[in-house]
Amino acid sequence: MLLTITTTHQPATDLGYLLHKNPARLQTIDIAYGQAHIFYPEATAERCTAALLLDIDPIGLVRNHRGPAGEGFALEQYVNDRPYAASSFLSTALSKAFNTAMNGTCKDRPELPEVLLPLEATVAVVPAANAEQLRRLFAPLGYEIDTQAYPLDPTVPEWGESRYFTLQLRHPALRLRDLLSHLYVLIPVLDNDKHYWVNEAEADKLLHRGAAWLPQHPDREFITRRYLRNLAEFVNPTLERLLDGDEPVSPLVLAAATEADAPEPAQAKQSLHDQRLDRVAEEIRRLGARRVLDLGCGEGKLVRRLLAQPQVEHILGLDVSVRELQRAQQRLHVAEMPPRQRERLTLTQGSLLYHDPRLAGYDAAAVVEVIEHLDESRLAAFEQVVFARAQPGAVLVTTPNADYNQRYESLSAGEFRHQDHRFEWSREQFSAWAAGVAERHGYRVRIEPLGPEAGEFGTPSQLAVFER
Ligand code: SAH
């Protein structure tokens, strides 16, 4: 079984740092039923490939009762696909050989694990029901997929094709650790080996390696079932933990809900969000910003206001949700815009949690009602991306004021205004966070109340204005 990982990122030999494996050396590690060899068939500044060759010992498997049970035919215990097909042994080898890379650490080059690389991976061979199944599992993660099928026996064509494929995955911009996690989880899912041992630890591994992408995967249930070998005692609690009552809402529903479901009084709700957007737009005018980022732009309500400001030359609206961006295109009638207007605007998909060089060189960035949609534990990544790397001249961040929540009768203590909110901060929490960010990245910051004042509870929203 052979896995190769290739990048054309420059210099491509960064792959060696990322994997913590020196391209000049062949390394061999022992795994329970065989060995994994790691080597680099090519390592130049333009293109670098790391290979992991897995050598499984079928006899060792038999001795340890880990091989096929031999129900099929007399010699099945000895003659089987385990040495050749990608299976849970590959996951074991990945986590043993590339554990540091999978955890996103790189001692020598700490920034590298967050960099989005052009990556290509080839696995020879994976078992799968058919090529479509491979597509269903990998395409939602953004891969371009090629598969090669093999006849069961080239000398007996009437037997048709085998269930083994060479799988080739290509991604234009992905963190290496994400590629490794995808393979780690999905290979055993495809293999569906019923002799695979499942316990609580397996469920934890799935949650750990899948946390960042599995909840959004359309086949998350199938993946969870297969990974946990259909054992109901593990599958159900794991699905619950995975989704954590936070079933990812389709972005369309989300967009509608952000406004409509917020338990803000029916009439105030439109105007509160409009007030926020108007206030931020006003601030951008005051700053005289010409190049403006709208981060988490949603359906483009702020973009519309910015297009109306003549001093704004270019707006980059970025959102993680493709559906939101499509809505923005429609609502702003981008297709019908005159060319000069259209040139002022770029709408693009991206995540605020990963370094994105396109965000550099702007005068101001608006982040309106977005941070509370990020996991609190990922705010450090957001801070890195926006304040350390993109470094706009000014950053305008709005977020709900949790102190005000007591004013909403429909909201019990500790509950959030919207089901996709991961946290809501008091005025004190927000200002502590803002002061820390400003200090760490050379900005000064002031915080303003936003919306109608309600005595000791303050206002429903709060705005931080950071200036460099
Ligand atoms: N700023 C808009 C939308 C706010 S709703 C407005 O004020 O109208 C929050 C938006 O953040 C959603 O569109 C959601 O898709 C986006 N979002 C959530 N997580 C994100 C991430 N990691 N990167 C970029 N956008 C994200």
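Just above, that's the structure.
Residues numbered from 1 in each chain as written. Predicted model: local features only at pLDDT ≥ 70, side-chain atom pairs only at ≥ 80, totals over all residues. Heavy atoms only, no water.

Our next topic: the site of the ligand. His273, Gly296, Asp319, Leu352 and Val368 are the nearest of the 19 residues found near the ligand. Residue Val320 places a main-chain N or O atom 3.3 Å away from a nitrogen atom belonging to the ligand. With respect to the ligand, the backbone of Val368 contributes an N or O atom lying 2.9 Å from a nitrogen atom. Coverage of the ligand by the protein amounts to 92% of the 570 Å² it exposes when considered alone. Of the residues belonging to the shell around the ligand, the class tally is eight nonpolar, eight polar and three charged. (Near = heavy atom within 4 Å. Polar contact = N/O pair within 3.5 Å; in protein donor to acceptor, adjacent residues only side chain to side chain. Areas by Shrake-Rupley, 256 points an atom, 1.4 Å probe, with all protein chains shown as cover. Nonpolar A, V, L, I, M, F, W, Y, C, P; charged D, E, K, R; others polar.)

In this section: the packing of aromatic side chains. According to the stated counting rule, one finds eleven aromatic pairs in the structure shown. For the pair Tyr33 and Phe89, a centre-to-centre distance of 5.9 Å together with 65° between the ring planes defines the contact as edge-to-face. Of this pair, Tyr33 sits in the loop between strand S2 (27-31) and strand S3 (34-43) while Phe89 sits in helix H3 (residues 88-97), and the two are 56 residues apart along the sequence. There is no split in this pair, since Tyr33 and Phe89 are both buried. An aromatic cluster is present here, built from Phe382, Phe387, Phe423, Trp425, Phe430, Trp433, Tyr443 and Phe466 joined pairwise through their rings. Above the plane of the ring of Tyr17 lies Arg109, whose end atom (NZ or CZ) is 5.4 Å from the centre. (Phe/Tyr/Trp six-rings, centres within 6.5 Å; stacked < 30°, edge-to-face > 60°. Helix = DSSP H or I, 4+ residues; strand = E, 2+ residues; numbered from the N terminus. Buried < 20%, exposed > 50% of the residue type's maximum accessible area, 1.4 Å probe, protein only. Lys NZ or Arg CZ within 6 Å of the ring centre and 35° of its normal.)

This brings us to the sheet that holds strand S9 (residues 314-319). Strand pairing in a sheet is mediated by backbone hydrogen bonds. Such pairs are either parallel or antiparallel. Ordered by their spatial adjacency, seven strands build an open sheet running S10-S9-S8-S11-S12-S14-S13, and the pairing between neighbours is mixed. The two strands at the open ends of the sheet, each matched to only one other strand, are strand S10 (345-349) and strand S13 (444-450). Across the sheet, the axes of successive neighbouring strands diverge by a mean angle of 15°, strand direction being ignored. Here seven bridges tie S13 to strand S14 (residues 461-467), and the two strands are oriented antiparallel to one another. Along S14, the bridge assignment pairs Glu448 with Leu463. Contacting S9 and S10, helix H13 (residues 322-331) crosses the sheet at an angle of about 160° to S10. (Pairing = 2+ DSSP bridges. Axes fitted to C-alpha atoms, helices over the stretch in contact; angles between N-to-C directions. Contact = heavy atoms within 4.5 Å.)

Let's shift gears to the nonpolar core. Formed by 70 residues in total, the largest nonpolar core has its most connected members in Leu3, Leu52, Leu54, Leu90, Leu94, Phe138 and Leu176. It is helix H6 (residues 176-191) that contributes the most residues to this core, ten residues altogether. Those residues in contact with Leu54 that lie beyond four places of it in its chain are Met1, Ile31, Gln35, Ala36, Pro83, Phe89, Leu90 and Ala93. In this structure, Tyr354, Val370, Phe387 and Val395 belong to the second largest nonpolar core, which totals 33 residues. (Core = buried A, V, L, I, M, F, W, Y, C linked by side-chain atoms within 4.5 Å.)

Further remarks concern unusual backbone geometry. With omega at -10°, the peptide bond leading from Gln10 into Pro11 counts as cis. Within the secondary structure, Pro11 is located in the loop between strand S1 (2-7) and helix H1 (14-19). The omega angle of the peptide bond from Ala124 to Val125 is -5°, so this bond is cis rather than trans. The backbone phi angle of Glu369 is positive, close to 55°, even though this residue is not glycine. For Glu369, the position within the fold is in the loop between strand S11 (364-368) and helix H15 (379-390). The phi dihedral of Gln391 is positive, around 45°, even though this residue is not glycine. With respect to the helices, strands and loops of the structure, Gln391 is situated in the loop between H15 and strand S12 (394-400).

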